[in-house]
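Read off the chains here:
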Amino acid sequence: MALQTSTTDLLIIGAGPAGLIAACWASSLGLTARIIDENEHRTKTGHADGIHSRTLEIFDSFGIVDPVIRKAVVLVHMSYWGVNPDSKKLECQHRARAQPPGLSRFEQVLLNQGVIEQIMLDYLTDQGRIKIERQKRAKKIYFTDNETHPVYVETKSLRTDRMAQLLKPNPDGLETSTNGDGDAAGTGAGDAQVTEIIQARYVVACDGAKSTVREQLSVPMEAKSTDSKWGVIDIVPITDFPDIRQSCAIHSDQYGSIMTAPRENRLVRFYIQLEGNSDSDLERKALEQSDESPDALIQLIQRILHPYSLTYRYCDWWSIYPIKQGLVGTYQVRNRVFLAGDAAHTHSPKAGQGMNVSIQDTYNLIWKIGSVINGVLDPVILQTYEAERRPVAETMMEMDSDLVHVYEQKEASISDVSKVRESYAGFISGVEVTYASNVLIASGGCDGHNEGEGGTKTLSNSSTIKLGMRLRSVTVVNQADGCLVDLARAMPSNGTWRVLVFAGDLRRRRNGERVAAFAEGLERYPHYTSGAQGRKQLEIEVIMIHAGPRDSVNIMDLPEVFRPFDEELGYDYGKVFADDGTYGRDCGGAYEQCGIDKAVGCLVLCRPDQHVSWIGRLEDVSNLHDHFSGFYRVDSK
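Calculation rules
Residue indices follow the written sequence of each chain, beginning from 1 at its first position. Reporting in this predicted model follows two pLDDT cut-offs: at least 70 for local features of residues, and 80 or more for side-chain atom pairs to be given and counted; totals over whole chains, interfaces and linings ignore these cut-offs and use all residues. Only hydrogens and water are set aside when side-chain values are computed; all heavy atoms of the structure are taken into account. Segments assigned H or I by DSSP are reported as helices when at least four residues long, segments assigned E as strands when at least two residues long, and all are numbered from the N terminus. Burial classes follow relative accessibility: with a 1.4 Å probe on protein chains only, a residue under 20% of its type's maximum area counts as buried, one over 50% as exposed, and anything between as partly exposed. Contact definition: two residues touch when any of their heavy atoms are within 4.5 Å. Values of accessible area rely on a 1.4 Å probe in the Shrake-Rupley scheme; residue burial ignores everything except the protein chains shown. Nonpolar core, defined: a set of buried Ala, Val, Leu, Ile, Met, Phe, Trp, Tyr and Cys residues in which side-chain atoms within 4.5 Å join the residues together. Take the number of residues in a helix, subtract one, and multiply by 1.5 Å to get its expected span. A pair of strands is labelled paired if DSSP reports no fewer than 2 bridges between them. Salt bridge, as applied in this entry: a Lys or Arg side-chain nitrogen positioned within 4 Å of an Asp or Glu carboxyl oxygen. Pairs of N or O atoms are called polar contacts if they sit within 3.5 Å, as long as, within protein, a hydrogen donor faces a hydrogen acceptor (for residues adjacent in sequence, only side-chain-to-side-chain pairs). Between rings of Phe, Tyr and Trp, where Trp is taken as its six-membered ring, a pair exists when centres lie within 6.5 Å; planes separated by under 30 degrees are stacked, by over 60 edge-to-face, and by other angles tilted. Charge over a ring is defined by NZ of Lys or CZ of Arg lying within 6 Å of the ring centre and within 35 degrees of the ring normal. Inter-axis angles, ranging from 0 to 180 degrees, are taken between N-to-C directions of lines fitted to C-alpha atoms, where helices are fitted over the stretch in contact. Any angle that is under 35 degrees is reported as roughly parallel, and any over 145 degrees as roughly antiparallel; angles of 65 to 115 degrees are reported as roughly perpendicular and all others as oblique. Helix crossings are classified by the rotation of the near helix relative to the far one: an anticlockwise turn of less than a right angle makes the crossing left-handed, while a clockwise turn makes it right-handed. All residues other than Ala, Val, Leu, Ile, Met, Phe, Trp, Tyr, Cys, Pro, Asp, Glu, Lys and Arg, Gly among them, are scored as polar; the first ten of these are nonpolar and the last four charged.

Within the protein, the secondary structure is distributed over 15 helices and 28 strands. Burial statistics for the protein: of 637 residues in total, 57% are counted as buried. Restricting to contacts in the protein with at least 6 residues of sequence separation, those with at least 24 account for 73%. Total accessible area on the protein is roughly 25,700 Å²; 46% of this is exposed by carbon and sulfur atoms.

This is the structure we're talking about:
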């Protein structure tokens, strides 16, 4: 048996959505990282398909949202169907927006998980830094006394036909062979006798509900299951049901419930309740998971949809699943191994949270690991991963239980389903997830109010900028070229912190003086912006949003921190924006939408994941420094 050893700063185990977004982060940050997966290919069909607003914002931060939107079906409305007690006929009883307006610049969309994975794979291929190592299983994981790379992962290649792999084309032009999906075969490809021990500084386990890492490290998962079982099937339906291209919850007092979700290429996903239906023979055929199961599921759908007809010629995927919930006792082991996605929590797919929460887990985690690896931030920040993401999983479990209950209870009306979904709308979309105060999130209450001049508030009582919440979507005007842009697009995922300077109306002399004082105050802390004295630099961008007309400001009159200069590239014109309503109906309301007083303004510090870390006055540079001091590596050299 050949034995290989190697080292890496970050090892990602599992190349599903959580693992792939982790790899995208690692690539963006330039980390030395690897990602392994025991499957031969990416997901081909089925599995998750709902993509919520916050996940789309995350994709946008990596520049990969456009292919998702182009291929996906936008979910605008939810329709709720039930049996009229008087006429005994199935009818639409309620129709509502899939999510409240104004939550995000993106609506929820529906798209095959495999396509989502391919879009992330394409990003990694374009970056050229990290390759997926397929058919490579993590068999054993343990800790050693190695000071720099203490986590050892013993891996085994699952490939058995080396020649077949060598004969496969390599469209990427990479040195290793590929599996046809743009994924690299990896070390030891084709030789089942090769064992590699990967010595890692950090490991992120994204290896699913049956996580080998979780089992190897004896991390307990509190599991909760019910007798409830559902079927899921993706078909191209032939039907006269009028809302087939909308997402629907359909309830029959006699035959149970189904849910529908329109998909790409005329596909529609159906979730079918199997427990409680009266025709036990159909249920039995479905639960046997045999060749008869798809037709049995369709017959159950037909019963519930009556008097509407439904047939099909093409089935893309189907499965039977029990309702199970599980949550790990801890998200990390020794602050070196971290569990994410289904490895940390499992639940039903009723609200389409699985892929979304999994992606958001690793999006929260990897920039923190990267900052520690790069020696800029203290390892204490890694403890915030569990502190921030576990409450999200707990809320998800509560919502999941509520939804399952109203879907399955015969006495529950279809309006009850609507009420539950609407009560969790902000959470389901992901945009209202708010992290509690910790070393990275300043204290001061969830509204983030700070005292301004004369005791006034820098933010109004209707503020939508909240500590711990991601910065909301607002449209502003680029000062240099006059183009409209969503402010979030000025904050891509590249590991940079941003200080947003809401300068107020700069036609007010006092505001100009306060902006100048801010710039001078920032110069007193050069280790944040200039890498002085050989220290490793904390990447901080300073972005201004002023409240006056664009024509009232000359960008060259502003302090240089707002127009940084490079000897080769010249001035950076992407750091100053105007909240100017004369440029279109979608612009000119940023201060109002955020609840910021134009006469006073404020500072808003955003983490690399766009969550608000600190809020203060324009004069509060020393307080900003104090906040950074809680986690900045003062000994970084």
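This brings us to the nonpolar core. Counting residues in each nonpolar core, the largest one holds 160 residues, and the members touching the most others are Leu10, Phe59, Ile369, Trp497 and Leu500. Trp81, Phe270, Ala296 and Ile304 belong to the second largest nonpolar core, which has 25 residues in total.

The end-to-end C-alpha distance of helix H9 (residues 354–373), which contains 20 residues, comes to 29 Å, matching closely the 28 Å that a straight helix rising 1.5 Å per residue would cover. Summarising burial for H9: 19 of the 20 residues are buried, a large majority.

Moving on, we get to the sheet that holds strand E7 (residues 109–110). Strand order in the open sheet made by the three strands is E3-E7-E4, with antiparallel pairing throughout. Two strands close off the open sheet at either side, each with one partner strand: strand E3 (50–51) and strand E4 (73–74). Examined bridge by bridge, E3 and E7 share two bridges and lie antiparallel to one another. By the bridge assignment for E7, Ile51 is matched with Val109.

Here we come to the pattern of salt bridges. Tallied over the entire structure, the rule returns 37 salt bridges. Between Asp9 and Arg201 there is a salt bridge; the shortest N-O distance is 3.8 Å. Taken together, the positions of Asp9 in strand E1 (residues 3–13) and Arg201 in strand E11 (residues 195–205) put the pair 192 residues apart, joining distant regions of the chain. With a closest N to O distance of 2.9 Å, Glu57 and Arg54 form a salt bridge. Here Glu57 and its partner Arg54 are both found in helix H2 (residues 53–61), three residues apart, which amounts to about one turn of the helix.

Turning to the side chain of Asp243, a few remarks are in order. Relative to the assigned elements, Asp243 resides in the loop between strand E12 (221–239) and strand E13 (247–252). A relative accessible area of 6% places Asp243 in the buried class. There is a polar contact of 3.0 Å between the side chain of Asp243 and the side chain of Trp81.

Counting buried positions along H2 yields nine of nine residues, so the element is predominantly enclosed. For H2, the full list of buried residues reads Ser53, Arg54, Thr55, Leu56, Glu57, Ile58, Phe59, Asp60 and Ser61. Just past H2, the residue Gly63 takes up positive phi, approximately 75 degrees.

On to the packing of aromatic side chains, then. Under the counting rule described, the total for this entry stands at 19 aromatic pairs. Between the aromatic rings of Phe62 and Tyr363, the centroid separation amounts to 6.1 Å while the plane-to-plane angle is 80 degrees, which identifies the pairing as edge-to-face. Of the two residues, Phe62 sits in the loop between H2 and helix H3 (65–71) while Tyr363 sits in helix H9, which places them 301 residues apart along the sequence. Summarising the burial analysis for this pair, Phe62 and Tyr363 share the class buried. Here the aromatic rings of Phe628 and Phe631 are separated by 5.7 Å at their centres, their planes lie at 70 degrees, and the arrangement is edge-to-face. Residues Phe628 and Phe631 agree in their burial class; the two are buried. Within the aromatic cluster, the residues linked to one another by ring pairs are Trp25, Phe62, Tyr123 and Tyr363. Sitting over the face of the ring of Phe143, Arg334 holds its NZ or CZ atom 4.3 Å from the ring centroid. Just above the ring of Tyr202 sits the side chain of Arg336; from NZ or CZ to the centre is 4.8 Å.

Let us now look at the environment of Gly375. The residue Gly375 is located in the loop between H9 and helix H10 (384–408) in this model. Residues Gly375 and Arg633 lie 258 residues apart in sequence; the distance between their C-alpha atoms is 7.0 Å.

What follows deals with the pairing of E1. As defined by bridge partners, E1 adjoins E11 across 10 bridges and the pair is classed as parallel. Each bridged residue has a counterpart across the sheet, and for Leu10 the counterpart in E11 is Tyr202.

Further remarks concern the sheet that holds strand E22 (residues 497–504). An order of E21-E20-E26-E23-E22-E27-E28 is seen for the seven strands of this open sheet, with the pairing classed as mixed. Unpaired on one side and paired on the other, strand E21 (484–486) and strand E28 (612–616) mark the two borders of the sheet. Each strand of the sheet is rotated relative to its neighbour by a mean of 30 degrees, with strand direction disregarded. Bridging between strand E20 (residues 475–478) and E21 involves three bridges; their strand directions are antiparallel.

Moving on to the environment of Met469. Tracing the backbone through its elements, the reader meets Met469 in the loop between helix H12 (425–429) and E20. Distance in space between the C-alpha atoms of Met469 and Val612 is 5.7 Å, their sequence separation being 143 residues. Setting aside residues no more than four positions away along its own chain, Met469 makes contact with Val431, Glu432, Val433, Thr434, Thr464, Gln610, His611 and Val612.

This brings us to the packing of helix H7 (residues 280–287) against helix H8 (residues 293–305). The interhelical angle for the contact between H7 and H8, taken along N-to-C directions, is 140 degrees, at an axis separation of 7 Å. By the angle class used here, H7 and H8 are oblique. Where H7 crosses over H8, the handedness of that crossing is left-handed. For the pair formed by H7 and H8, the contact residues are Leu282, Lys285 and Ala286 on the first element and Ser293, Ala296, Leu297, Gln299, Leu300 and Arg303 on the second. Across the contact of H7 with H8, the residue classes tally to five nonpolar, two polar and two charged.

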